[in-house]
Amino acid sequence: MLTVAGRNGTFALGAAALAVAALPLFAEAYYLELASTALVLAMFALSLQLLVGVTGLVSLGHAAFFGVGAYAIHLLGAFGAAPSVLLSLPAAVLLAALAAFAVGALALRTRGFFFLMTTLAFGQMLFFVFHDTPLGGGADGVFVARPSFSLFGLEWVVSRQDRPTVMLLLNLGVLVAMYAGLALLLRTMFGRALLGIRANEHRMRSMGFDTYWLQLGAFTLAGALAGVAGHMWGMTQAFVSPELLAWHRSAEALLMILLGGLGALHGPILGAFAFVGLGDIAGQITERQRLVEGLVILVVVLGLRHGIAGIRLPALRRLPAPAPAAKEAAP
Amino acid sequence: MSGLAAQLLNGVQYGLLLFLISSGLTLIFGVMGVINLAHGSLFMIGAYIAFVVAGGTGSLWLALPAAVLGGLALGALLERGLFRRFYHREHLDQVLLTFALILLFEEGRSILLGNDFHSVPVPAVLDVAVPMVGDFSYSAYRLAVLVACLGIAGAMFLAIERTRIGSAIRAAAEKPEMVDLLGLDARRIHLVVFAVGTALAMLAGALAAPLHSVYPNMGHGFLIICFVVVVVGGVGSIAGAFWGALLIGVVDTLSKAYLPFAAGLAVYVLMAAVLLWRPTGLFARS
Amino acid sequence: MSVAAMEAIGLTRRFGGLVAVNEVNLALHVGELHAVIGPNGAGKSTLTNLLSGELRPSAGKLLLHGAEVGDWPSWRFARAGVGRSFQRTNVLKPMTVRENVRLAAQARLTPLRRYPAVASEEHAPSEAADAALERVGLGGAAHRTAGTLSHGQLRQLEIAMALAAGPTVLLLDEPLAGMGPEESERLALLLKELAADHAVMLIEHDMDVVFAVADRVTVMVDGRVLENGTPEHIRNAASVRDAYLGHAA
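Computed from a prediction, not measured in an experiment: that's the story for all the values here.

A. Main features of the interface of chain A and chain B. Of the residues lining the interface, 39 residues belong to chain A; the matching set on chain B comes to 41 residues. The junction of chain A with chain B conceals about 3,900 Å² of combined surface from both sides, 80% of it contributed by carbon and sulfur atoms. Considering only the side of chain A, the residues that lose the most area to chain B are Phe113, Trp247 and Arg290 of chain A, jointly responsible for 19% of the buried surface there. Joining chain A to chain B, the criterion identifies 3 salt bridges. Notably, a salt bridge pairs Glu90 of chain B with Arg198 of chain A, separated by 4.0 Å at the nearest N-O pair. Where chain A meets chain B, there are 6 residue pairs in polar contact (both at pLDDT 80 or more). The biggest single contributor to the side of chain A that touches chain B is helix 5 (residues 112-132) of chain A, with 13 residues. Here the side of chain A that touches chain B is composed, by residue class, of 26 nonpolar, 6 polar and 7 charged.

B. Representation of helix 2 (residues 39-57) of chain B within the structure. Compared with an ideal rise of 1.5 Å per residue, which puts 19 residues at 27 Å, helix 2 of chain B spans 27 Å between its outermost C-alpha atoms and is within 8% of the ideal. Of the residues trailing helix 2 of chain B, Gly58 of chain B is marked for its positive phi of about 80 degrees.

C. Broad picture of helix 4 (residues 85-107) of chain A. Between its terminal C-alpha atoms helix 4 of chain A stretches 32 Å, which fits the 33 Å expected from 23 residues at 1.5 Å a residue. The set of residues buried in helix 4 of chain A consists of Val85, Ser88, Ala92, Ala96, Ala97, Ala99, Ala100, Val103, Gly104, Ala105, Leu106 and Ala107 of chain A. Tucked into the core, helix 4 of chain A has its buried residues touching helix 3 (62-77), helix 5, strand 2 (149-151) and helix 8 (211-237) of chain A together with helix 11 (266-277) of chain B. N-cap assignment for helix 4 of chain A: the residue whose side-chain oxygen lies 3.0 Å from the backbone N of Leu86 of chain A is Ser84 of chain A.

D. Focus on the interface of chain A and chain C. Opposite the 26 residues of chain A that make contact, chain C presents 36 residues. Note on chain A versus chain C: buried area summed over both sides is about 2,700 Å², and carbon and sulfur give 61% of it. Contact with chain C buries surface across chain A, with Met189, Arg203 and Met207 of chain A losing the most and accounting together for 26% of the total. One can count 2 salt bridges joining chain A with chain C. For Glu158 of chain C, the salt bridge goes to Arg203 of chain A, with nearest N and O atoms at 3.0 Å. Where chain A packs against chain C, one counts 10 residue pairs in polar contact (both at pLDDT 80 or more). With 13 residues, helix 7 (residues 189-206) of chain A is the largest single contributor of residues to the side of chain A that touches chain C.

E. Structural view of the pattern of salt bridges. All told, the structure shown has 18 salt bridges over all chains when counted by the stated rule. As a salt-bridge pair, Asp130 of chain C and Arg98 of chain C come within 2.7 Å of each other at their nearest N and O atoms. You can see Asp130 of chain C sitting in helix 5 (residues 124-136) and its partner Arg98 of chain C sitting in helix 3 (residues 97-106), a full 32 residues away along the chain. Arg98 of chain C sits in the buried class, given a relative accessible area of 15%. One continuous salt-bridge network, built from bridges that share partners, spans Arg192 of chain A together with Glu99 and Arg102 of chain C.

How each quantity is defined
- Residues numbered from 1 in each chain as written.
- Chains lettered and ligands numbered in written order.
- Predicted model: local features only at pLDDT ≥ 70, side-chain atom pairs only at ≥ 80, totals over all residues.
- Heavy atoms only, no water.
- Contact = heavy atoms within 4.5 Å.
- Buried area = accessible area lost by both parts, 1.4 Å probe.
- Salt bridge = Lys/Arg side-chain N within 4 Å of Asp/Glu carboxyl O.
- Polar contact = N/O pair within 3.5 Å; in protein donor to acceptor, adjacent residues only side chain to side chain.
- Helix = DSSP H or I, 4+ residues; strand = E, 2+ residues; numbered from the N terminus.
- Nonpolar A, V, L, I, M, F, W, Y, C, P; charged D, E, K, R; others polar.
- Expected span 1.5 Å × (residues − 1).
- Buried < 20%, exposed > 50% of the residue type's maximum accessible area, 1.4 Å probe, protein only.

Put into C-alpha cells, the structure is as follows:
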C-alpha cells in the first residue's frame, strides 16, 4: 500500500528541498531552469500518483489536464495584458478540474484496460482541440505573456536575471505545498477510502461506498493538480504548445512514478528528478534520447520493480521479516 | 451524389483497415490480458516494409507477403522474448513496457530510414479508376484493399469458427480460465494469437502505405482510433471489432469530408455517447 | 408480526438458461436468526448476493423495511443498514485490521462527516470499529495487516466489518467455515446474541450449529424454497429429510 514518508523520510525530503532552494547561490541559470523543469514535472507526476498509487487508476490521458492548465494562461491572454498569477492559477485549476470532471465522468464507466483506452482517447480529443481549432493558437504552439506578480495594482517586477531564481523558488514552494496537501489528504478518511478502493473496489462498494463518485472526486482533484503543474510550466517557459497534451507525456509521468516508486507518495518526485537528470545526461551524450529513454524503461520494468524509493541497502534487507501468520486452519 | 458514394466507400475501406489493426489488439487483450500500445508501431513497421520492398523491387506485391511473414516472426519473437513475462503484471508495467517498445521501434526506424515523409506508388495494374454506376468511378487500389480486407475478415471468422485452434482462441478470449479446464496448450495459443495479431497490423500498414504515405509516428493516430474502435465495438470480440471499425471508419471519413470544423472530434463524441448509453460497447454480448 | 426488516417475494435470478434462485419467498425479522440451508449449488450464495444488491433480481420483489429496493446498487444497501459477510474472504488485504473495520464503520456516516475527518484521530467510527473487533474476539490483532491473518481470523474480521456499520439486517454467508471448534462455538453464541436486536440471515452447513441457534430455518434445493419453518418443524419434515438431510447424514 502507498505510504507517506515518516519522520526521517520527511526530514530527508526537507533537506533535499533546502538543497534545491540553495541552488541559486552557486549554480548557473541553465541548471536553475533544469531544476525548475524537474520541479514542474514532479508536480505533474505527483498529481498522477493520486490516481495510480492511491486510487489504483492508471490513466493515459493525464497530460491533457496538464496542457489545459498551461493553455489557461494563453486563453486569459485574450482579455488583454498579462494576468496576475493570483488570477491565472485559479483559472488554470478550474479549467483543468472541469475538463477532468467531464472526462472522468465518462471514462469511469469503464474499468482497467478500457479505462486506459478511454482516457487516452479523450486526452487525444483535447489535444486536437488545441491543435486544430482557433482556441489553441496554432499547431506549433504560441508564446504567452507570463502571469505577473501583482495584487490590487501593486506589481513586483522580476528582472530577467532574477527570473530563473524566482521561478525555481516559486515552483519549489508550489511542489512542497502540493506534497504536504496530498500527505494530509491521505490521512483523512477520504484518502483512506481511496486507498481502500485500490485495495479492493468491490468490497468498498459492498461496505457502502459509492466508489464511482469517490473515484470521480479523485480524478477531478488529480486533474486540477495537473492543471497547477501545467500552469507553472506555462509560467516558467512563457510558451505553450499542443504537444503538452500529447499522450506520450502521460506515459512519461507514469514512468516517473514507476521510476521513483509506486509505493511511496514522494516516489514521483524522485522519479521526476531522475527522469530530467537522465534526460539531460543522455542529451549531452547522444541525440537519440528516445533510445536511452526506451532502454531505461526496459531496465525499470524488467528489473527495478520498486523504484528509487524502494532501493534498500543490502544489509537492511536482511533484517528479520515480521513473523508470518500462524498456520491455523486450512480452508 | 457520387461524392457521397465515394466518401462512403472510403469510409468502409478505412474501417476495414482499422479492423485489421483492432482485431489483433482486442484478441491479444482478450486472450492474454495484455495492453499493447506498440500495436500502432507494428502498423508503422508494416508501412515502412512496403516502402522499402516496393522501393527496392518496384513491386508492392512482394511487400505484402514480406509484411505478413515479418509480422509473424516479429510477433513470435516479442511474445517469447518479452510479453510472456508480462501477462500477469499490472497494467502500469504493461503500459510502460509497450511505451518503451514504441520509443525503440521509432528510434530504430529513424536510425535505419531517417525521418522523412515518403510516398509509396500504387501498383501500376491498380492505378486506374474503375467505373461504377453512371459517371461515378472509384480507385481500383482502394477497391482492391477493400476486397482484400473483407477476404481476410472472412478468413478470420472461418478460422475462429471452424478450426480447433480457432475455437480454442475464442474460448480463451471469452473465459481465460477455460484454457486450463479444457487442457489446451496455453503457450501455443498465446504464441499464435500474438504472431497473427502482429502480422495483421503489419499487413494493414503495408496495404495503407500507398494511401496514407509513410511517415514517422504514423502509428500513433491509428492506435488511438483503434482504441476508440474497441471501446465502441465492445469487449474482446472479433465481431465487435468488425462492426465498431466499420462504424468509426465511416463516421470519421464522412465527418472529415462534410463537417470540417468538427474534423477530428466526431469519433470522440461518438465514443462519449456510447459510453453514456452502453459502457460495455455497442456490439458486446450483454 | 411487524413489517419484516427484509422481505423477498417471488425473488428470481437467472444466469442464461440456469435459474439460480427461483421464486423465493423469505422474510427476515429483527429479533430472529434465520438460517438458510441446502446442498451445494442450491442458490444460497446467489440469494445472499441478491439480498445485498450485489446482483439484480431477474424477477420478483425485494423489500427493505417495506420499501422496494430491487434496483439499488450494493452500496445503498450497506448505507441503509444491510451488513454482509462474504463466503470467500473479501477484505482490504494491505490495510490493518482496524482500518478495515473502521472504513466499514464510517461508510454509514453522511459524506460531510465521513470524508474530511483525519483518520488517526479518535472519533466515533473508531469506537464503533474497536467495539466490533472486541465483539468478534479480534481486539488483539487490530494493528496487524489484514493480509497476514489466519483463515479463521479472516472469518472473524468479515463479521466485524459487517457489524461495524451498525446494521439492522445481517447477511452472513458461512461465517463459521474453517474456524476452530472453540472460536466456532464462541461465534455461534455471538450470532445468537446479535439476533436479539438484528435481523440475521445465516447460511451454514453445520447442522448442529443451525439447530442450536436458529429461530427459523429455510431449506433451499435447486434454487427453490423446499421448506420453511421452525427448527423443530424442519427436523421432522419428511421432504427435507429426503431431499437434503438424508444426504448429509
